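Now for the letters of each chain:
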Amino acid sequence: EPDIYEYSFVVDGLQVSDPANSWLKFWGGAAKNLVEVPGEKPMFFEQQDVPHGTVHIHKYRSKSLGVTRGLYVYTPPGYETSKNAKYPVLYLLHGMGDTEDTWTVVGRANVIADNLIAQGKAQPMVIVMPYGHTPSAPPDMRSIGRYEAFEEDLIEDAIPYIQKSYRVSADRKDRAIAGLSMGGGQSLTVGLGNLDLFGWVGAYSSAIPRPENLDGLLAEPKLINEQLSLLWIGCGRSDFLFDANQKFIERLKADNIKHVAHISDGGHEWRVWRRYLNEFVPLLFGGEKTGG
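Not measured: the values here are computed from a predicted model. In this convention, every chain numbers its residues from 1, walking through the sequence in written order. It should be noted that, the model being predicted, local features are given only for residues of pLDDT at least 70 and side-chain atom pairs only at 80 or more, the latter also being counted only at that level, while totals for whole chains, interfaces and linings use all residues. In computing side-chain properties, one takes all heavy atoms of the structure into account and sets aside hydrogens as well as water.

> Describe the environment of Y161, and please don't skip the residues or the numbers.
The numbering of helices and of strands both runs from the N terminus, where a helix is a DSSP run of H or I of at least 4 residues and a strand a run of E of at least 2. Structurally, the position occupied by Y161 is in helix α3 (residues 147-165). Sequence separation of Y161 and C235 is 74 residues, and the distance between their C-alpha atoms is 32 Å. Apart from the residues within four sequence positions on either side, Y161 is in contact with H58, K59 and Y60. Contacts are assigned to residue pairs that have any heavy atoms within 4.5 Å of one another.

This is the structure we're talking about:
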């Protein structure tokens, strides 16, 4: 079936990457190769003959964490020549073990955005892809649990850096946050916890926040409904986080919180998340009708 697949070789019992293929997916220190199987028609994540945006690589100083961190920024076609235009912005978060380049190298976020914008299905937007892990006690320099530290870095350091460096709108209605797995949990925590900053929230195969944290995030259903233009929850039926996401969706229903529940086939994998991004982006900033 046309898609992007990962593979590796096993040599004398040792898993190794293909030395002739430089397209690699890194996760938690391990690496696998990627290969694309084309279809008869170009897939939504394939580079097509359309105007292309630009992926910028940055390093910024995080005062809140006391370290230098990386982030990737996608600017849409025409950004460089539209000197007076201000753009809406999507903060797109990766999962545990990934880095700030994963949404472009593996997720093809920039290519997906190019194709959607060219087809008139999505508004031109800036996409910011920050590093999601925060420093923790040695020897583990990545942490899944420190959502508070990530939230502080994003709000106090990363967002101001983007607002200063790029022509993006500062209006809450023009700012979205979404992510996969760990990044989905961060998106729910940061987005629902800062309704004055974000008007759109998406969670793909999300690591749902702990119950004690969730109670606080969902404490004011009326305010959430007033402030959020879209709360989008996607998960595959074969995902190991499916039950947790189903319970979360039931909680949203019980609290009468407006949301879109997108249940699909598939597991905890990039083939699902690329599709979710392709379905989520057209709903943002006055794109396709969001429902509720």
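> Help me get a handle on the side chain of D3, residues and values and all.
Within the fold, D3 resides in strand β1 (residues 3-7). Beyond its immediate stretch of four places on either side in the chain, D3 contacts V35, E36, V37, F45, R271, R274 and R275.

> How would you summarise the sheet that holds strand β12 (residues 230-236) if you had to cite specific residues and measurements?
Should DSSP find at least two bridges between two strands, the strands are regarded as paired. Taken together, eight strands build an open sheet; the order of strands is β6-β7-β9-β8-β10-β11-β12-β13 and the sheet is mixed. One side of each edge strand has no neighbouring strand; the edge strands of this open sheet are β6 (54-62) and β13 (260-264). Within this sheet the neighbouring strands show an average axis-to-axis angle of 20°, counted without direction. Note that strand β8 (residues 89-93) and strand β10 (residues 175-180) share five bridges and pair parallel. Residue pairing for β10: V89 is matched across the bridge by R175. For helices, the fitted line uses only the C-alpha atoms of the stretch in contact; every axis is such a line through C-alpha atoms, and the angle between N-to-C directions lies from 0 to 180 degrees. Those strands touched by helix α2 (residues 109-118) are β6, β7 (67-75), β8 and β9 (126-130), and its axis lies near 25° from that of β7. On top of the sheet, α3 reaches β6, β7, β8, β9 and β10; it is set at about 120° to β6, its chief contact.

> Before we move on, could you go through the environment of I155 and cite the residues and values that matter?
Following the sequence through the fold, I155 ends up in helix α3. Burial status follows relative accessibility: with a 1.4 Å probe on protein chains alone, a residue under 20% of its type maximum counts as buried, one over 50% as exposed, and anything between as partly exposed. Residue classification places I155 among the partly exposed residues on the basis of a relative accessible area of 24%. On a C-alpha basis, the gap between I155 and L195 in space is 12 Å, while along the polypeptide they are 40 residues apart. Those residues in contact with I155 that lie beyond four places of it in its chain are P160, V190, N194 and L197.

> Explain the sheet that holds strand β4 (residues 24-27) to me, using residue names and the numbers behind them.
Whenever strands of a sheet pair, they do so through backbone hydrogen bonds, lying parallel or antiparallel. If you trace the three strands from one edge of the open sheet to the other, you get β1-β5-β4, paired in antiparallel fashion. Each edge of the open sheet carries a strand with a single partner, namely β1 and β4. Strand-to-strand twist in this sheet, taken as the mean axis angle between neighbours without regard to direction, amounts to 35°. Inspection of the sheet shows β1 paired to strand β5 (residues 30-37) by five bridges, in the antiparallel sense. Counted as the bridge partner of D3 is V37 from β5. Along the sheet, helix α8 (residues 270-280) makes contact with β1 and β4, crossing β1 at roughly 150°.

Note that every value here comes from positions in space, so none of it alone points to a role or purpose.
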